[in-house]
Each structure stands twice: as C-alpha cells, then as structure tokens.
Protein chains: 2
Amino acid sequence: MKEKELAAPVRNVKMVVEYDGTNYAGWQSQINALAIQDIIEPKLSALACRKVHILASGRTDAGVHALGQVFNVKAPFPVDDDRLMRILNSRLPNDISIKSAETVPMNFHSIRDAVSKKYRYFLYNSRDPSAWLARTSWFFPAELDIDRMKEAVRYFIGKHDFTSFMGKNSSVKTTVRNILSFDITKDERGMIIFEIVGEGFLRHMVRNLVGTLTDIGRGRMAPDDIPKLIAKRDRSQAGPTAAARGLFLVEVNYK
Amino acid sequence: MKEKELAAPVRNVKMVVEYDGTNYAGWQSQINALAIQDIIEPKLSALACRKVHILASGRTDAGVHALGQVFNVKAPFPVDDDRLMRILNSRLPNDISIKSAETVPMNFHSIRDAVSKKYRYFLYNSRDPSAWLARTSWFFPAELDIDRMKEAVRYFIGKHDFTSFMGKNSSVKTTVRNILSFDITKDERGMIIFEIVGEGFLRHMVRNLVGTLTDIGRGRMAPDDIPKLIAKRDRSQAGPTAAARGLFLVEVNYK
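Everything numeric here is computed off the predicted structure, so don't read it as measured data. (Residues numbered from 1 in each chain as written. Chains lettered and ligands numbered in written order. Predicted model: local features only at pLDDT ≥ 70, side-chain atom pairs only at ≥ 80, totals over all residues. Heavy atoms only, no water.)

Q: How should I be thinking about the domain arrangement of chain A in this particular structure?
A: Interfaces are often sized by the amount of accessible area the parts lose when they come together. Residue and element names in this part refer to chain A. What the domain assignment lists for chain A is domain 1 (3–104) and domain 2 (116–254). Domain 1 and domain 2 are separated by 29 Å when their C-alpha centres are compared. Each partner contributes to the interface: domain 1 provides 17 residues, whereas domain 2 provides 16 residues. Remark: the boundary between domain 1 and domain 2 carries 2 salt bridges. For the interface between domain 1 and domain 2, the tally reads 11 residue pairs in polar contact (both at pLDDT 80 or more). (Domains from an automatic or database assignment. Contact = heavy atoms within 4.5 Å. Salt bridge = Lys/Arg side-chain N within 4 Å of Asp/Glu carboxyl O. Polar contact = N/O pair within 3.5 Å; in protein donor to acceptor, adjacent residues only side chain to side chain.)

Okay, here's the thing in structure tokens:
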C-alpha cells in the first residue's frame, strides 16, 4: 500500500469553496495581509507532501464573500476526492469550507474555462441597522426608489465598455464585458438583492454598478443617464463603490 | 432650551437588543474580558451625562447570541426614545443593535417582571461543515434520529427539578423550573432547531438539554431515560453541553 501511495499520479482536482470574507484580505495572496489562498494552499501542500499552487476562477476583493468560488489544483494526492475534501475541511478554519471536490481532465483551467459568473449583492435598506445582517450586507438607511433602479439595470445588460465602473489601477486587455442578466428584488425585511450574471467582470465592477444604482434610487441620477455614463468611459462620473461586505460570488459556470 | 435639557427627568427606558455574541464574553461585565454590557453601558452613560447601570433580563454566556435580549436603564436622557435608540445604534459596533426603546413605568424591572423566555438552539446535522453556518450553529456530523429526540422532549415539559442539567458553580434558591413548550424541527439544509419556552432557566440548562438530546438521537440513551435522569439530580449523568454558538435568546415576555 505504501508504494502505491508514493506512486499516486498527479491529478487535477476542481474544488468549490464557500467563505465568509470578513477576516481576509481577499482571495489572492499578497504581501503583508492574510488571504484565503494563504489558508488553503499550505493545507493542500501538506496533504500532497509537496508545495502546490491553487488557481481560482478570479480574485475576490478584501471582505467579499463566496458561496461558490471555484479553484483547481494539480497534485499527487494519496486519497480520493471525497476523503480529500473531508480532511481539508477538518483542517480549515470555520469561515472557509470546501463544498465539493472532483477530479477533472488535466486541461481543466478554472479561469480560462469559466463561461460565466453569478454575483449577488445585498443592500439592507432600513432605517435601523441589524447586528445579524452587518457582516453580509451594506446598511443603507436612505430611501431608495426600487422601480427607478429596476428601470436603470436594463441599460447594463449586453456588451458594453464598462470603463466608467472599473476600479483604479486595473490593467486589462479590454474593458468590454458582456452582462447576461441583472435583476433586483426586495424582500420583506427591506433587503434589496442585486443578482448579476456576466461572462466576466472588471475590478470593483459589481460594487460600482450597485453604488451607481443607489444614486439612481435616491434621485441623484436618472435611469436613462446610464447610456451616457457608459459612453463617457470615466470612472469619476459614476456613483460610489458599494461596501465589500454585501458582495457574494454565488457560482462560476463552466462548459 | 439648555435649562430644560439639564432638567430632563429620570425615566426608565426598556430596550430590546440583538447581538452576535461571537466576539464577547457574554452579556454581563466581568474581570479581564469584554462583555456586551461593557459596550452598551458607557455609550448610554455618555448620552445621559452621568454613569448609568443597565439591567438585563438575564445573562447570556460567552458566545451566546440574542435576537431579543431586554434591558432597562434609569437615567435623565435629554432626547426621546426613538432618537436615543438611533444615536446609540450609530455609536455601537456592527454586532450589537438596539431594536426598540420605550419609556416604561419606573417600577418596570427587566428580571423580576419577565414571565417567560424563548430560546432557539441551532444544530447543523450534516456530514460536511458550512462556513456560513459556523458562527450561529453547532456543527454535528453524527447521525441523529429526530423522532427519538421528539419523543424525549415531552418529558422536559412542565415543572421539574433540573439539577441534572445545571452548569457547575451555580447558586440558586431553587433548581425547579417550569418549561412551557419544547419543539424540534429540521429544515431542508439539515439544520435541527430546538425551540424552548420556559418561565426561567438554570445556568447552561438549554445547552445541557440539547446535549443530552443528542445522546438520545445517537442511541446512547432512550427517550424514557429522561424521567430517571431528572430524578437523579446529578449533572454527571446527563449528556454533554452543546456549543454556545448555536444558542439564541429569541425573546423575553412581560406581563
């Protein structure tokens, strides 16, 4: 048995992970801050008995959460996928959990093969705050006209140059992104939920879209200002960046 | 106006507060640890321009949460109840929120006048953990027979001597408590919810009842062992103490 374990072939494992991003500096490793990647990678390295590198579908910013982030890792793990997931979960902190682990073809690539991503943004539109919603939503006490916001979102759907909604210090080949759907609902607690599906997103894009929609909801901008705002390609013309704590990466879809 | 403010009469304000207890050493002030009372009291003292004391319906242990803890405070606040609540909320940390503030008769006493309390205990009965449920439930991967547990809870209803379920180092006049209702449900996620209403509870009592019910659910004890266990009046005979993080003080009822 021991020889068999030593001879375990390298395989490519795709994992779906959920995390409460409150205490982390985002997904990706960086200097002087603890990222979620920094937590998972050493545990997987220990399991593989060699240094491994994990590759996620995309970064999430500091404080952003995930229900279904996807990463893949190539390594000669001596246990099967299910056992790998269970051991890993037993070693991870409470705010990071692996939801599934599956061996995929060696050429599977979590960034390149992603065809779309779904995000949800939670905005708690209420006069008074709630201790129970503070970690996972943006508390926004000003009144918002949800019908105006619903009218505005349709202008975002489709292929547009989203430069006006891109965070600073981004370097990307193209600023054009294709938004497949964008819906707004409000529940009985006063939680406004923005659900957006797109082929890809620029840095801070979802938070900048939501922040701009609050300007529309408050009457500072009209719904039909959106096409003009997109055409300006100028971040300074759009609304504020919504707080990271309200944003969830819900799922990443593959072919 | 200034004289009027200075002359604000002392009044008795009843407040309902919710909190995420994760980061606190329980409700009540103690040496060398940060309690929820230690957060609220100085903010109210600043608002009253004098040192005030707040009195809650009961302590909650370290890590225990509240949706509807009740306290009262007697002080000459210079603003009305609603304004008081809003100012206080703007100064409290995100994990503590005042839900309501109401001036009540001077003889209202949050402990003495409480007629019953409702607690809910959340036990996540699933093979795999969830990052999103970790702060607010007890992750319990072993299989539990919910029908056995439901059969057992009925023995707890009514007046009994609950010494077998009392935490150590308690000094109380009587160990008899009256349980008014005790229900168990399980939702589609695998969350088992214990809802218990009683006139009062001993220290750690809800958590010890839930811990004992897990022993029944696992087959280590029979439902009809409960009356014998109660009769023994011996803590060492009952089951483990369920984790604090699953417990919520839901509401305190007054006449």
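Let us keep going from here.
Q: Whenever I open this one, the packing of helix H4 (residues 146–153) of chain B against helix H5 (residues 205–217) of chain B confuses me. Can you help?
A: Helix packing geometry: the angle between the two helix axes and the distance between the axes. Residue and element names in this part refer to chain B. At a closest axis distance of 8 Å, the pairing of H4 and H5 adopts a crossing angle of 130°. Overall, the two elements H4 and H5 adopt an arrangement that is oblique. The two elements H4 and H5 cross, and the hand of that crossing is right-handed. Of the residues in H5, those touching H4 at Arg-148, Met-149, Ala-152 and Val-153 are Leu-213, Thr-214, Ile-216 and Gly-217. Residue classes in the contact of H4 with H5 are distributed as 5 nonpolar, 2 polar and 1 charged. (Axes fitted to C-alpha atoms, helices over the stretch in contact; angles between N-to-C directions. Helix = DSSP H or I, 4+ residues; strand = E, 2+ residues; numbered from the N terminus. Parallel < 35°, antiparallel > 145°, perpendicular 65-115°, else oblique. Left-handed = near helix turned anticlockwise from the far one by under 90°. Nonpolar A, V, L, I, M, F, W, Y, C, P; charged D, E, K, R; others polar.)

Q: Quick question: what am I supposed to make of the packing of aromatic side chains here?
A: The geometry of an aromatic ring pair comes down to the distance between the two centres and the angle between the two planes. Applying the stated criterion across every chain, the model contains 28 aromatic pairs over all chains. Aromatic side chains Phe156(A) and Phe165(A) sit 5.4 Å apart centroid to centroid with 90° between the ring planes, which places their arrangement in the edge-to-face category. In this structure, Phe156(A) and Phe165(A) share a single accessibility class: buried. Between Phe156(B) and Phe162(B) the ring centres are 6.5 Å apart and the planes differ by 40°, which places this aromatic pair in the tilted class. Assigned by exposure class, Phe156(B) and Phe162(B) land together as buried. Through a chain of ring-to-ring contacts, the aromatic side chains of Tyr121(A), Trp138(A), Phe140(A) and Phe194(A) assemble into a single cluster. Taking the ring centre of Tyr155(A) as reference, the NZ or CZ of Arg154(A) above it sits at 4.9 Å. (Phe/Tyr/Trp six-rings, centres within 6.5 Å; stacked < 30°, edge-to-face > 60°. Buried < 20%, exposed > 50% of the residue type's maximum accessible area, 1.4 Å probe, protein only. Lys NZ or Arg CZ within 6 Å of the ring centre and 35° of its normal.)

Q: Honestly, the relation of the copies chain B and chain A in this entry has me stumped. Any pointers?
A: Two copies of the chain are present, and they differ by a rotation about an axis and a shift along that axis. For the pair chain B and chain A, the best superposition has an RMSD of 0.0 Å and corresponds to a rotation of 180° with a translation of 0.0 Å parallel to the axis. Expressed as an axis order, the relation between the two copies is that of a two-fold axis. Using C-alpha coordinates, one finds that chain B approaches the rotation axis most closely at Arg135(B), a distance of 5.7 Å. A symmetric contact is evident, with 100% of the interface residues of chain B recurring at the interface of chain A. (Least-squares fit on C-alpha atoms with pLDDT ≥ 70 in both.)

Q: Can you help me understand the interface of chain B and chain A in this one?
A: Contact residues are listed per partner, giving 26 residues for chain B and 26 residues for chain A. Between chain B and chain A, the buried area comes to about 2000 Å², and carbon and sulfur atoms account for 52% of it. Looking only at chain B, the three residues that lose the most surface to chain A are Arg127(B), Ala131(B) and Trp132(B), adding up to 34% of its buried area. Here chain B and chain A share 2 salt bridges between them. Note that Asp82(B) is salt-bridged to Arg127(A), the shortest N-O span being 2.7 Å. Applying the counting criterion to the chain B and chain A interface returns 14 residue pairs in polar contact (both at pLDDT 80 or more). Looking at the side of chain B that touches chain A, the elements with two or more residues in it are strand S1 (11–19), strand S3 (65–75), helix H3 (81–91) and strand S4 (96–104) of chain B. If you tally residues by element for the side of chain B that touches chain A, the top one is H3(B), at 4 residues. A per-class count over the side of chain B that touches chain A returns 10 nonpolar, 6 polar and 10 charged. (Buried area = accessible area lost by both parts, 1.4 Å probe.)

Q: What is the right way to look at the pattern of salt bridges in this model?
A: Pairing is possible between side chains of opposite charge, provided their charged atoms come close. Residue and element names in this part refer to chain A. Under the definition given, this model contains 28 salt bridges over all chains. The closest approach of N and O atoms between Lys-118 and Glu-251, which form a salt bridge, is 3.9 Å. In this pair, Lys-118 sits in strand S5 (residues 114–124) while Glu-251 sits in strand S10 (residues 247–254), placing the two residues 133 residues apart along the sequence. The buried category is assigned to Lys-118, whose relative accessible area is 17%. For Glu-251, a relative accessible area of 30% puts it in the partly exposed group.

Q: Explanation requested: the environment of Asp161(B) in the structure shown.
A: Residues and elements named next belong to chain B. Relative to the helices and strands, Asp-161 resides in strand S7 (residues 158–161). Relative accessible area serves as the criterion here: at 19%, Asp-161 is assigned to the buried category. Sequence separation between Asp-161 and Asp-38 is 123 residues; the distance between their C-alpha atoms is 33 Å. Look past the residues within four positions of Asp-161 in its chain and what remains in contact with it is Thr-175, Val-176, Ile-230 and Arg-233. Reaching out from Asp-161, the side chain makes a polar contact with the side chain of Thr-163 at a distance of 2.5 Å. A distance of 2.9 Å separates polar atoms of two side chains, one belonging to Asp-161 and the other to Thr-175.

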